[in-house]
Amino acid sequence: MKIGWEGVPREKYVEQILLSEYNRYFRLAMSFVHNEADACDIVQNGAYKAIRGSKTLKNKEYAGTWIYRIMLNEIFRFYKDEKHISIEEVPEEGYEDNYENFDLRKALDSLPERDKAVVELRYFEDLKLEEIAEILKENVSTVKSRLYRSIEKLRLKMQEE
């Protein structure tokens, strides 16, 4: 067990972040898979990998974005493994999204994974462009242009419907 920062083992430090930010990770997973059980599995797998890989984390400041990257990798892995996800499903009664937002959710789901990730992280997780660039391992200018193109795609999709 490597000692992290302020005498706290790195595993414990990562665990503290996971516990304090669990709802954000869960919300991110739900925005992609729309199923509580699958979202829980994604976050659980991501948390396990983050704790297990915490010894590779070299800088405390990057812990949050590093964990987001792990969660996105788990979401993308889920998409590759599960081809049966349907965006046509109507949200269940009591689900956070209401029917006015259903068209937006459907349009978001039609975006490619990386484009959707940029929109989700920027507007639903309220992350800065620099943080998103770090998570996606892209230049800030690439993230900006991806975000712009994604918003344009969403506008067109919403106008079609």
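Residues numbered from 1 in each chain as written. Predicted model: local features only at pLDDT ≥ 70, side-chain atom pairs only at ≥ 80, totals over all residues. Heavy atoms only, no water.

Caption draft 1: Seen up close, the overall build of the chain. The secondary structure content of the chain amounts to eight helices and zero strands. Its helices and strands taken in sequence order, the chain reads α-α-α-α-α-α-α-α from the N to the C terminus. Sorting the 161 residues of the chain into buried and exposed places 40% on the buried side. Relative to all contacts within the chain whose residues are 6 or more apart in sequence, the contacts with residues 24 or more apart total 61%. Total accessible area on the chain stands at roughly 9,800 Å², and carbon and sulfur atoms take up 49% of it. (Helix = DSSP H or I, 4+ residues; strand = E, 2+ residues; numbered from the N terminus. Buried < 20%, exposed > 50% of the residue type's maximum accessible area, 1.4 Å probe, protein only. Contact = heavy atoms within 4.5 Å. Areas by Shrake-Rupley, 256 points an atom, 1.4 Å probe, with all protein chains shown as cover.)

Caption draft 2: Region of interest: the packing of aromatic side chains. As enumerated under the stated definition, the model contains three aromatic pairs in all. Both rings, one in Phe 32 and one in Phe 76, keep their centres 6.3 Å apart while their planes meet at 75°; by these two values the pair is edge-to-face. Linking Phe 32 in helix H2 (residues 22-33) with Phe 76 in helix H4 (residues 63-81), this pair joins segments that are 44 residues apart in sequence. We note that Phe 32, like Phe 76, is buried. Over the ring of Phe 32 we find Lys 116; its NZ or CZ atom is 4.2 Å from the centre of that ring. One residue, Arg 122, lies across the ring of Tyr 123, its end atom 5.8 Å from the ring centre. (Phe/Tyr/Trp six-rings, centres within 6.5 Å; stacked < 30°, edge-to-face > 60°. Lys NZ or Arg CZ within 6 Å of the ring centre and 35° of its normal.)

Caption draft 3: How the structure looks around the environment of Lys 128. Within the element layout of this structure, Lys 128 appears in the loop between helix H6 (113-124) and helix H7 (129-136). Along the backbone, Lys 128 and Val 140 are 12 residues apart, and their C-alpha atoms lie at a distance of 9.9 Å.

Caption draft 4: Representation of H7 in the model. Among all positions of H7, only Leu 129, Ile 132, Ala 133, Ile 135 and Leu 136 are buried. Looking straight down H7, one finds that the buried residues subtend no more than 165° of arc, so they occupy a single side. Looking at the buried positions of H7, the neighbouring elements they touch are H4, H6 and helix H8 (140-160). At the C-terminal side of H7, Lys 137 shows a positive phi close to 55°. (Arc of directions from axis to C-beta.)

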